[in-house]
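Residues per chain, in single letters:
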Amino acid sequence: MSMPSIETLLVVVVLAPLVGAVLNGLFSRFLKHSTVSLLGVGAPVVAFAAALLAVIQWLPLRASLPDASVTVMLFKWIEAGPIVIDASLYLDPLSAVMILVVTGIGSLIHLYSVGYMHDDSSYARYFSHLNLFTFSMLLLVLGRSLLLLFVGWEGVGLCSYLLIGFWFTDMDKAIAGKKAFIVNRIGDFGFLLALFFLLFHLNGTLDVPSLRQAVADPTSVFNTDTAMVTLVTLLLFVGATGKSAQIPLYVWLPDAMAGPTPVSALIHAATMVTAGVYMIARLNFLFVLAPVSMAVIASVGAVTAIFAASIGLVQNDIKKVLAYSTVSQLGYMILGVGVGAFGAGVFHLMTHAFFKACLFLGAGSVIHAMAGEQDIRKMGGLAKKMPFTRWTFLISTMAIAGVPFLSGFFSKDEILFKTLTYHHVSGVVPEWLSVVWFALALGAALMTAMYMFRLYFLTFSGEQRDHHAHPHESPATMTIPLVVLAIGAALAGYLGLPDPSLNVWEHLLAPVFGAAEESILATGSHALELGLMGVSTVVALTGIGLAWWLYRGAGQQVPARIAASMSGLHRLLSNKYYVDEIYDTLVIRPLKAYAHFLWKWIDVGLIDGIMVNGPARLLSAVGGAGRRLATGDVQGYAAALVVGLAVIVFLFL
Amino acid sequence: MSDLLSISPLLVTAFTGMLVMALDLLAGQGRKAFLSWVTVAGFAVAGILAYVLWSGDPVVLQRPFLANVMLLDAHGWFFSEVVLLAGALAALLAADHMPEQGIDGGETYALLSFSVTGAILLMVATDLVTLFLGLEIMSLALYVMAAGKRSSPFSAEAGIKYFLLGGVASAFLLMGMAFLYGATGKLNLVDIARFLANHPEGADPLLVQGAMILLVVAMAFKVAAVPFHFWTPDVYEGAPTPVTAFMAGAVKAAAFAVLARLVLTLARAPAFQGTAFSPADLLLGLAVVSMVVGNLLGIVQTNVKRILAYSSIAHAGYLLLGVWATQASVSETGVQTLNDSVPFYLLAYAVSTVGAFGVLALLGRSGEEDMSLSRIAGLGRRHPVLGVALLVAVLSLAGLPPLGGFMAKFNLFRQVLAADPAGNLPWVILAVVMSVVGLYYYLRIVLYAFFREPEGQPVVAISSAAGSVALAVTVALALFLGIAPAKFLDASRMASQATVLTGSIAASRAGAAPVQTATPPAAAGIQLKPGVQIPVRTFNSKEGRGNLH
């Protein structure tokens, strides 16, 4: 049997989850529980197999392909005068990595969901939404045109909303879904504006390869109108702050933990939230033309990283800790792409997908075992009862903390290195700024190691502190994904070893980022990179040691004492810097008041009351009066004819 | 022989009427529905003949007695097609409606054929007597049709009212014609126009102006313009619904065709220049009050047929505005032509209004004739196909895209604006505002049909294959006219350019003295006779009044 072509396979990759979503969404009442599982899990698995086959065929070919890319033209989508937009898929090194991550990790999480959601009454709806999400995400990463990317972007936003509010009968969860959707809309608005500017003020195309070609021409408007490019890239970044949960729009992500835990793992850790990073990486050639935007991006990323990590230190809900950790790690990625280390940013995206998905699924396994309990203060001693969950969780925790030779170590390290050296090549960024970024990132790394091990120790070590639940290891459908992900978390880093000759990752992605990275990363010694590895190892181990001392060792009274002596700071962190409250006061309430004013006074009063109903009442009154003239009396009508004639004669003659 | 061929569409419709009468005698009781198909076939043949014979250059009739009284050109062609279409649709709607309502006779179809014959004669007439003949043939048949449901006092009332008031209007028309004849001694419109042009001092201006008023008033009655509209709601309501559909669709088109031809041909006469009276102002005045009154009174109606009657009055208003604002572009003769989109508007209106009345015609079993809004409640759910047909028709009447009514209104208003962008703006704004007011009652029909639950016994549809065909045609045409109107707009332009009778066309009449048709400098004036230059006055421009330029 000959192998299907890359083009066919790519179409299968995108359509398989859609078919699954449609079947489970529309015909669930005719399907048995097992059929729903088969369809729901089968769809991403088929997509993964197709993606794998496509990439395997593409790998040896890529040297001979333009930009190492394959395009599948599906159909002509929009044709309006000079604007022509195709619906076509685009496989290049970046999207190849992304589809493998999305379908691979997605398949594992779907499989895990079979066990996790087993007893849910809306089982088919769950899989339908999850498949629809996978479809949208694949559209996002495979779309050749930015508009198609935007369709996927909106699609994942919708699915995120649907799945956060999956248990919508619980008001809090429904509100969390709404919050995620609305906050994302703010970002999407920026994105959409950027598309309009691109289309109407720059060169009028949304096709990514064409854009890259246009940018490559030194006389093009992109290279002359830096102000416009800066505006566009900043607006795109607004979109990224929404989707990738950066300051100031990160507030939805912690609340998004209201959704089922596998959803948190897939959407709010491994895939959707990285869409902003992906988009910036995809448009790297555009962003490097706007150093000011890059500096803004890097600053936001660095601040978000340490800001979210500090909140994570004091959270007690197992999923909330992971949520802030995700925000913090996304800050890392954004920092990475902000200093032009696109390959490193996407590399961290990939390794993070493994270990964070594993952590979330592990958390889900714990919650499952604890009969829904999420407070880590009530856990403890789970290590013996849940060996698979414990070991996989530990590996992933070490990976995210930056323990040497696990995946997070390599990817985080590369971002740190490139942050420190960025000032050499950027004409805009002074040395002190890149040092500040570096310091913030290092601080975030320290905190990450601390709060992750605090989480680990409180959950798995010692004795069980609350005896209501009877923990037990989860079924195989849940533990198998954990094991696979943990292996990935441990080993994925070896794709990007710091030695140039061994760095498969950089070599693979060179066609996408090569030009942009060369223009930025001209310097930086190998020795410095290895030196920094030492520094970050020390930082990671310090964080772990502190966590040990505070939560396992002699210092167990210390956290309470610190909380008491610095109660202000503790309260500030526990309340997440009061950001929700500040937004409520500064944005939401004024908006609500304004909306209330528009509604009560402008709409009901002025528009409905005076402008709409006023004329309507007037006209009805006039009509009612006129109706009395139509008496039905034929003599009267004839008289009216004559009177009419008489009036005309009188008026006109 | 060739003359007979040239006027064959008229002969075919007349013959259809006679054939139907004969077949009616042969057909048994309760088996008259096939007569509807016979009528449709006759109209179809007439329509094809009219297309083949009349749609090109004006036909040259050989015999003076024919050539003097009628002109077979694109004007006659386009409007004949509209009338034939509306007539055929009405015949189809009648096929099952009439028996259900206890009207068994086949005479409806014969009368319909005669009425159509009269309408066509009316539209091709260039002679006052022929014109009057056509009008009366059309109207007399209609009076009888309106009273066709003999068991119903409403129907009888409608017939009598229409007849009495129509008689008054005919009297006005005749009086106007008498004035014209008295002033000029001529009956042919072109002769009259020429006489008025060449002998400005020969004709008493008072007679000519009085004639114009009487003619306009008589035609305003026929098109149901305010304040000569009083008959409309009562007659529309009382007459059998297919007859109402024909009245609204066909009679309005025929009456407008004649109104436009009469007024625009004569309005260039010097008798109106330098005086206070302007036919244009008269038309504008009628247009404004029709739009306002039609739409305002439509709001307070509760019977669907009456709502559609007021809608018909309002549409007469928009159309009068179109006739008033003559085309700014000028034909080679230098004469202002009828607004391009008026014929198209009449076509779109005919399709939509026949569609709306058609749905009503297919509602109500055995003699039910109450068509109040509450009775059609829930129609969309119980009879979705009829509901959709009603929806399309009503929204087209309201002028919403993508339907024919929208294209018609849009083009009409656009052309009115183009004629004089600054001066006509207030009237276009008024027309648009009034269209919005009209939306209220159109949407009320939709509201009841789709979003209200019926109270009491809901109205039940009759099953009618012929009626379904008719409705399918109206829906398809309403959509087609809205989406791909280009061909129809072209035809409409041809028709409108032929509407105003000019000297050059008169020259082609056999036996008439050759008239100089040398092209004058663009827009300089009309030449009716060698050496005599008649200044052209912009028909609807206020500045133009009293100025010879």
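Residues numbered from 1 in each chain as written. Chains lettered and ligands numbered in written order. Predicted model: local features only at pLDDT ≥ 70, side-chain atom pairs only at ≥ 80, totals over all residues. Heavy atoms only, no water.

Turning our attention to the packing of aromatic side chains. Under the counting rule described, the total for this entry stands at 36 aromatic pairs over all chains. Between B:Tyr162 and B:Trp231, the aromatic rings sit 4.7 Å apart at their centres with planes inclined by 15 degrees, giving stacked as the arrangement. With a gap of 69 residues between them, B:Tyr162 in helix H8 (residues 153–184) and B:Trp231 in helix H11 (residues 231–238) connect regions that are remote in the sequence. Here B:Trp231 falls in the buried class, since its relative accessible area comes to 3%. Ring pairs connect the aromatic residues B:Tyr143, B:Tyr162, B:Phe163, B:Phe221, B:Trp231, B:Tyr236 and B:Phe357, which therefore count as one cluster. It is A:Arg62 that lies over the ring of A:Trp58; its NZ or CZ is 5.9 Å from the centre. The lysine or arginine in question, A:Arg390, covers the ring of A:Trp391, its NZ or CZ lying 4.3 Å from the ring centre. (Phe/Tyr/Trp six-rings, centres within 6.5 Å; stacked < 30°, edge-to-face > 60°. Helix = DSSP H or I, 4+ residues; strand = E, 2+ residues; numbered from the N terminus. Buried < 20%, exposed > 50% of the residue type's maximum accessible area, 1.4 Å probe, protein only. Lys NZ or Arg CZ within 6 Å of the ring centre and 35° of its normal.)

Time to look at the layout of surface pockets. Residues and elements named next belong to chain A. Quantified by volume, the largest pocket comes out at close to 830 Å³. If you trace the largest pocket, you find 29 residues lining it, with Leu313, Val314, Arg454, Tyr551 and Pro559 closest to the centre. If you list the elements that add at least two residues to the lining of the largest pocket, you get helix H20 (431–460), helix H23 (526–551), helix H24 (558–565) and helix H25 (567–574). Among the elements that take part in the lining of the largest pocket, H20 stands out by supplying five residues, more than any other. Per-class residue counts for the lining of the largest pocket are 15 nonpolar, seven polar and seven charged. (1 Å grid on protein atoms, 1.4 Å probe; cavity = no way out; pocket = protein on both sides within 12 Å on 5 of 7 lines; lining within 4 Å. Points joined across faces, edges and corners; volume = space filled by probe spheres on them. Nonpolar A, V, L, I, M, F, W, Y, C, P; charged D, E, K, R; others polar.)

Residues and elements named next belong to chain A. Of all nine residues that make up strand S2 (residues 83–91), seven are buried, and the element is covered over most of its length. Direction of pairing for strand S1 (residues 70–80) relative to S2: antiparallel, over a ladder of nine bridges. Looking at the pairing, Ile78 lines up with Ile85 of S2. Between S1 and S2, which follow one another and run antiparallel, lie two residues, and Gly81 among them has a positive phi close to 60 degrees. (Pairing = 2+ DSSP bridges.)

Tallying the contact residues gives 22 residues for chain A and 32 residues for chain B. Where chain A abuts chain B, roughly 2200 Å² becomes buried across the two surfaces, and 84% of that area is made up of carbon and sulfur atoms. It is A:Tyr637, A:Leu641 and A:Phe652 in chain A that bury the most area against chain B; as a group they hold 30% of the surface buried on that side. For the interface between chain A and chain B, the tally reads zero salt bridges. The interface formed by chain A and chain B holds one residue pair in polar contact (both at pLDDT 80 or more) in total. Only helix H26 (579–627) and helix H27 (634–652) of chain A provide two or more residues apiece to the side of chain A that touches chain B. The biggest single contributor to the side of chain A that touches chain B is H27(A), with eleven residues. A per-class count over the side of chain A that touches chain B returns 15 nonpolar, six polar and one charged. (Contact = heavy atoms within 4.5 Å. Buried area = accessible area lost by both parts, 1.4 Å probe. Salt bridge = Lys/Arg side-chain N within 4 Å of Asp/Glu carboxyl O. Polar contact = N/O pair within 3.5 Å; in protein donor to acceptor, adjacent residues only side chain to side chain.)

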